[in-house]
Amino acid sequence: MSLSLLTMLFGALTLVVLGAMALAFWLNPARGLALTTHRVELLPRVMADRYTAFAILAVVALVHGDPVLYAALFAVCAFMGLADGVIYARAGQPHMKHTLSGVLSAIALVVALAALLVEKGS
């Protein structure tokens with residue numbers, strides 16, 4: 001088995017695990033918390049490490065300079081910002097910071113996709 005294939009298999013496993021956790025939280029947040037053993041009182045610290053992880057991904061995209069990485073990063077950030085905005089708006093809470101983050105990330109995604117198209121046309 002090649003290292004590339006093994007890497008892909010780890011990627012597939014990661015997708016399955018993350019997908020299962022996401023589905024658990026979407027369908028039943030209490031079940032998601034139980035499944036992941038997260039504690040509500042510790043969520044601010046969990047959010048700190050999540051934002052740190054996204055910042056590290058942004059550094060990787062900057063260092064690598066690949067429009068595909070930028071597009072993936074901006075797509076994820078757009079989804080996260082817009083989804084959080086919808087959650088807060090539906091709950092009657094202030095949401096504009098989240099929504100604006102999602103919109104700006106979506107704009108950045110469009111720019112990254114345009115860069116990809118220009119590169120492919122060259």
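Residues numbered from 1 in each chain as written. Predicted model: local features only at pLDDT ≥ 70, side-chain atom pairs only at ≥ 80, totals over all residues. Heavy atoms only, no water.

### A word on the pattern of salt bridges
One side chain can pair with another of opposite charge once the charged atoms of both are near each other.
So, step 1. In total, this model carries one salt bridge according to the counting rule given.
So, step 2. For R50, the salt bridge identified is with D49, shortest N-O distance 2.6 Å. (Salt bridge = Lys/Arg side-chain N within 4 Å of Asp/Glu carboxyl O.)

### Topic: helix α4 (residues 67-90)
So, step 1. Between its first and last C-alpha atoms α4 spans 34 Å; for 24 residues at 1.5 Å apiece the expected length is 34 Å, and the two agree.
So, step 2. With a side-chain oxygen lying 2.8 Å from the backbone nitrogen of V68, the N-terminal cap of α4 falls on D66.
So, step 3. Trailing α4 by a residue or two, G92 shows a phi angle of about 75 degrees, which is positive. (Helix = DSSP H or I, 4+ residues; strand = E, 2+ residues; numbered from the N terminus. Expected span 1.5 Å × (residues − 1). Polar contact = N/O pair within 3.5 Å; in protein donor to acceptor, adjacent residues only side chain to side chain.)

### Let's talk about the packing of helix α1 (residues 3-27) against helix α2 (residues 29-36)
So, step 1. Packing of α1 against α2 leaves a shortest axis separation of 5 Å and a crossing angle of 145 degrees. Read as a crossing pair, α1 and α2 show a hand that is left-handed. Counting all contacts with α1, which are made through A20, M21, A24, F25 and L27, the residues of α2 involved are P29, G32, L33, L35 and T36.
So, step 2. Broken down by class, the residue content of the contact of α1 with α2 amounts to eight nonpolar, two polar and no charged. (Axes fitted to C-alpha atoms, helices over the stretch in contact; angles between N-to-C directions. Left-handed = near helix turned anticlockwise from the far one by under 90°. Contact = heavy atoms within 4.5 Å. Nonpolar A, V, L, I, M, F, W, Y, C, P; charged D, E, K, R; others polar.)

### Details of a nonpolar patch on the surface
So, step 1. A cluster of nonpolar side chains, contributed by M1, L3, L5, L6, M8, L9, F10, L13 and V17, occupies part of the molecular surface with about 980 Å² of accessible area.
So, step 2. Mapped onto the secondary structure, L9 falls in helix α1.
So, step 3. Note on L9: relative accessible area 43%, which makes it partly exposed. (Patch = residues over 30% accessible without salt bridge, like charges linked within 9 Å, V, L, I, M, F, W, Y side chains within 5 Å. Areas by Shrake-Rupley, 256 points an atom, 1.4 Å probe, with all protein chains shown as cover. Buried < 20%, exposed > 50% of the residue type's maximum accessible area, 1.4 Å probe, protein only.)

### Considering the packing of α4 against helix α5 (residues 96-121)
So, step 1. Where α4 contacts α5, the axes come no closer than 7 Å and their chain directions differ by 155 degrees. Between α4 and α5, the crossing angle belongs to the class labelled roughly antiparallel. As α4 runs across α5, the sense of the crossing is left-handed.
So, step 2. Residues that form the contact of α4 with α5 fall into these classes: 18 nonpolar, seven polar and two charged. (Parallel < 35°, antiparallel > 145°, perpendicular 65-115°, else oblique.)

Geometric descriptors of this kind do not, in isolation, establish any biological role.
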